[in-house]
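One letter stands for each residue in the lines below.
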Amino acid sequence: MTTLSLTAWQRFRTRAYLFGVGLRKRLTVGVRAVVLDGDRVLLIKPTYLPGWQFPGGGVEPGETAEAAAVRETLEEAGVAVEGRGELHGLFLNRIAGGARDHVVVYVWRRYHQHAVFKPNLEIAECRWFGLEALPADIEPGAARRLAEIAGSRDAPGDW
C-alpha cells in the first residue's frame, strides 16, 4: 500500500483552504433537552427569545452534543439529567438566520433537581407544564417535538 506524503507547502495550503471554507460555510450545532416527568415537561423562558422552550444551547468545541445538553439543562434549569439521553433527532433550524444551524434533540425521563432555579440575565423563568396544558406561547419547534415524542406526528427535518 502506498501512502501519500504532502509537502509542507501542500499541508499549509490545505489547512488554509479548509479554514477559509469553515469561515464562509460554518455549520453550527445546538442542542435541546426534553426532560419529561410522566405527563409533564420542563420548559424555560429565555430573556433573549420569545416563548417557552426546552433547555439547551450551543455545543462547545471538543464537547459532544449529549454532554452539551446535560450541561445546558443543569446551567439553565438546575436540573441534572440521569443516564444517557434518547436521541430524538437532528433538525435544520432555518429560523436562526441561515441554513446551517442544526439542533440535536435528546429526551430524558430520569433527573433530579440539583439546584433551585433563580431568574437570571439569561433565563427569566423555568417551570414544569402538563403535556395537555402547554403554555400558549410555547416555541413552535418545541411544540412539534413534543407531538413527535408523543407519537401523534412524524418528525420533519426542519426545526
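All values reported here derive from a predicted model rather than from experimental measurement.

Peer 1: Can you walk me through the nonpolar core in this structure?
Peer 2: Soluble globular proteins tend to pack their nonpolar side chains together in the buried interior. In terms of nonpolar packing, the biggest core is built from 16 residues, with Val31, Val35, Leu42, Ala69, Ala77, Tyr106 and Trp108 touching the most fellow members. Per-element accounting of this core gives the leading share, four residues, to helix H2 (residues 65-77). For Val35, the contacting residues outside a window of four places in its chain are Arg40, Val41, Leu42, Thr73, Val79, Val81, Trp108, Tyr111 and Trp128. Ranked by size, the runner-up nonpolar core spans 15 residues in total, among them Val41, Trp52, Phe129 and Ile138.

Peer 1: Just to check I follow, could you spell out the environment of Gly130 for this structure?
Peer 2: Mapping Gly130 onto the fold places it in strand E8 (residues 123-130). The class of Gly130 is partly exposed, set by a relative accessible area of 26%. Between the C-alpha atoms of Gly130 and Asp37, which are 93 residues apart in sequence, the distance is 9.3 Å. Not counting chain neighbours up to four residues away, the residues in contact with Gly130 comprise Asp39 and Arg40.

Peer 1: Please clarify how the pairing of strand E2 (residues 40-46) should be interpreted in this entry.
Peer 2: In the case of a regular strand, side chains alternate between the two sheet surfaces. The element E2 is largely enclosed, with a buried count of five among its seven residues. As paired strands, strand E1 (residues 28-37) and E2 are joined by two bridges and run antiparallel to one another. Note on E2: the bridge partner recorded for Leu36 is Val41. Taken together, the seven bridges between E2 and E8 define a ladder with antiparallel strand orientation. Residue Arg40 lies in a different strand from E8, and its bridge partner there is Gly130.

Peer 1: Help me understand helix H3 (residues 140-149), please; the structure alone is not making it clear to me.
Peer 2: Residues that lie three or four places apart on an α-helix share one face, since the helix turns once every 3.6 residues. Along H3, the positions that sit buried rather than exposed are Gly141, Ala142, Arg145, Leu146 and Glu148. On an axial view of H3, the arc spanned by its buried residues comes to 160°, and they lie on one face. Residues of H3 that are buried sit in contact with E1, E2, strand E5 (86-92) and strand E6 (101-108). For H3, the capping residue at the N-terminal end is Glu139, with a side-chain oxygen 3.1 Å from the backbone nitrogen of Gly141. Gly151, located one to two residues past H3, shows a positive phi value of around 90°.

The rules behind each value
In this numbering scheme, every chain counts its residues from 1 along its sequence in written order. Local features in this predicted model are restricted to residues of pLDDT 70 or higher, and side-chain atom pairs are both shown and tallied only at a pLDDT of 80 or more, whereas totals for entire chains, interfaces and linings draw on every residue. Values shown for side chains rest on all heavy atoms present in the structure; no hydrogens or waters enter the calculation. Here, nonpolar core means buried Ala, Val, Leu, Ile, Met, Phe, Trp, Tyr and Cys residues that are tied together by side-chain atoms lying within 4.5 Å of each other. Each residue's exposure class comes from its accessible area (1.4 Å probe, protein chains only) as a fraction of the maximum for that residue type: buried when under 20%, exposed when over 50%, partly exposed otherwise. By definition, any uninterrupted DSSP run of H or I lasting at least four residues is a helix, any uninterrupted run of E lasting at least two residues is a strand, and each is numbered from the N terminus. Contact criterion: two residues are considered in contact whenever any of their non-hydrogen atoms come within 4.5 Å of each other. Between any two strands, at least two bridges found by DSSP are needed for them to pair. Working definition: the arc comes from the directions between the helix axis and the C-beta atoms, pointing outward to the latter. Side-chain atoms alone can form a polar contact between residues adjacent in sequence; in general such a contact is a pair of N or O atoms within 3.5 Å, and within protein one must be able to donate a hydrogen while the other accepts it.

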